[in-house]
Amino acid sequence: MTSRILVLPGDGIGPEIVREAVKVLEVLQSTHGLDIQLEFGLVGGAAFEAKGQPLPAETMHQARAADAILLGAVGGPQWEALPIQLRPEQGLLGLRSGLELFANLRPARLFPQLVAASTLKPEVVSGLDLMLVRELTGGIYFGQPRGVRTLESGEREGINTLVYRESEVERICRVAFDIARLRQRRVCSVDKANVLECTEMWRQVAIKIGKEYPDVALSHMYVDNAAMQLVRAPRQFDVLVTTNMFGDILSDCAAMLTGSIGMLPSASLDAEGKGMYEPIHGSAPDIAGKNIANPLATILSVSMMLRYTLKRAELATILDNAVQRVLDKGKRTADIQSPGCLIVSTEAMGDAVVAELK
Ligand code: NAD
């Protein structure tokens, strides 16, 4: 069956990097039998300029009808003074919540060719390949009550609430276990069960769901230790699963282990495996329009789309290998340059991946 893919380039470098990822999708379509139909839409500042809204109803309609969404990035200084509901970021948040994309997948993988880009020693990070699964639509970022109130004494008090329903924990754990089955079959659930009752329950639910997956090894770690282990010995991890806030913090830490923001893709999935795929970086206004941005994070987001929504894991591997071969040949965009390598443009990098796929 033909899969419908909505392409939302967004702002800044978004259109440049997405153009290269679309080339990759088109070559997989013409030479590898990928059955897809591409559609384009507006989000973020681009949508605000054209329609007065960062997430026009038409885009939401397109997104609901699509099987997968490929997004570039949103935002830019020209929209920072807008009222919060009109800012580009609202487009992104609206898509995530409107489509109930509760599972955020953030792989941190170090390409052997880019070991020098990490701030950690090569012997600590080489071979790094982990997947962080973050709960995205619940927890302390959404819990009620929240806000700041003034006490009778005149002192202010800030409140946020960490709350998870058992069903929310069950579904994110299942995502993690399912992914582990595609990898090394190890899940580490990260909590603060020694202090927070909510995450004590999280741990109990993880154990319960783990029994449905006897072929996957489950371990547990307190979040403070997990942060330490990520920089001490990150290769011990296969899949990590954790709450919204812990995942927010740990995923940035894990991302930086690889040292190159232009290389990291992400996916946000709903219960049926529909997903939004995007690079983890922003719209990089400082380099927009210069044809120098690294398109590989977006191209690798296509690889995640192939694996998790389109269920074409073999094509994902073919694409990953194509990216590896381009790096092996010494081609680098400016952000990942190293001595002796050839610096290429955004477009040339996309063309190089396409050439490998052909
Ligand atoms: P950023 O990720 O856009 O840029 C940080 C630095 O990394 C910049 O120096 C940039 O040039 C560089 N960089 C980022 N992507 C690159 C790539 N593909 N190739 C080469 N270099 C790259 O973060 P920022 O500067 O903090 O934010 C800029 C705008 O992006 C803001 O408006 C912010 O709100 C928005 N933003 C959007 C998203 C998103 O759409 N998911 C995420 C983060 C930030």
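Provided above is the structure to which this section pertains.
Residues numbered from 1 in each chain as written. Predicted model: local features only at pLDDT ≥ 70, side-chain atom pairs only at ≥ 80, totals over all residues. Heavy atoms only, no water.

Strand order in the open sheet made by the ten strands is β2-β1-β3-β12-β11-β4-β5-β10-β8-β9, with mixed pairing throughout. Each edge of the open sheet carries a strand with a single partner, namely β2 (36-40) and β9 (217-222). Strand-to-strand twist across the sheet, computed as the mean angle between neighbouring axes with direction ignored, equals 20°. Contacts from helix α8 (residues 223-232) reach β5 (129-135), β8 (186-191), β9 and β10 (239-242) within the one sheet, and its direction differs from that of β9 by about 100°. (Pairing = 2+ DSSP bridges. Helix = DSSP H or I, 4+ residues; strand = E, 2+ residues; numbered from the N terminus. Axes fitted to C-alpha atoms, helices over the stretch in contact; angles between N-to-C directions. Contact = heavy atoms within 4.5 Å.)

By the secondary structure assignment, D320 is in helix α11 (residues 313-328). Leave out the neighbours within four places in its chain, and D320 touches R109, L300, S303 and R307.

On to the pattern of salt bridges. Evaluated as defined, the whole model comprises 23 salt bridges. Across the pair R312 and E314 runs a salt bridge, and its minimum N-O distance is 2.8 Å. With relative accessibility at 23%, the residue R312 sits in the partly exposed group. Close ionic contact of R325 with E356 constitutes a salt bridge, the shortest N to O distance being 2.7 Å. (Salt bridge = Lys/Arg side-chain N within 4 Å of Asp/Glu carboxyl O. Buried < 20%, exposed > 50% of the residue type's maximum accessible area, 1.4 Å probe, protein only.)

Time to look at the site of the ligand. In the neighbourhood of the ligand, 19 residues make up the surrounding shell, with V74, E89, G282, A284 and N294 lying closest. Here an oxygen atom of the ligand and a side-chain polar atom of D286 are 2.9 Å apart. Contacts to the ligand include N294, whose backbone N or O atom sits 2.9 Å from a nitrogen atom. Here the ligand loses 68% of its free accessible area of 800 Å² to cover by the protein chains. (Near = heavy atom within 4 Å. Polar contact = N/O pair within 3.5 Å; in protein donor to acceptor, adjacent residues only side chain to side chain. Areas by Shrake-Rupley, 256 points an atom, 1.4 Å probe, with all protein chains shown as cover.)

Once that is clear, we can look at the packing of helix α6 (residues 166-181) against helix α7 (residues 197-210). Close contact between α6 and α7 brings their axes to 9 Å; oriented N to C, the two are set at 50°. In terms of orientation, α6 and α7 fall into the oblique class. For the pair α6 and α7, the crossing hand works out as right-handed. Contact with α6, carried on its side by E166, V169, E170, I172, C173, R174 and F177, involves M201, W202, V205, A206, K208, I209 and G210 of α7 and no other residues of that element. Taken together, the residues that form the contact of α6 with α7 break down as nine nonpolar, one polar and four charged. (Parallel < 35°, antiparallel > 145°, perpendicular 65-115°, else oblique. Left-handed = near helix turned anticlockwise from the far one by under 90°. Nonpolar A, V, L, I, M, F, W, Y, C, P; charged D, E, K, R; others polar.)

So, about the nonpolar core. Ranked by size, the top nonpolar core spans 66 residues in total, and within it V24, L105, V133, L306 and V353 carry the most contacts. Looking at this core, you find at least three residues from each of domain 1 (1-102 + 270-358) and domain 2 (111-260). Dropping the residues within four chain positions of it, L306 is found in contact with L28, L34, K311, R312, A313, L315, A316 and L319. Core analysis: the next-biggest nonpolar cluster, separate from the first, contains 19 residues, V190, V223, F246 and A254 among them. (Core = buried A, V, L, I, M, F, W, Y, C linked by side-chain atoms within 4.5 Å. Domains from an automatic or database assignment.)

Between its first and last C-alpha atoms helix α1 (residues 14-32) spans 26 Å; for 19 residues at 1.5 Å apiece the expected length is 27 Å, and the two agree. Buried residues of α1: G14, E16, I17, V18, E20, A21, V22, V24, L25, V27 and L28, and no others. Within two residues after α1, G33 carries a phi angle of roughly 70°, on the positive side. (Expected span 1.5 Å × (residues − 1).)

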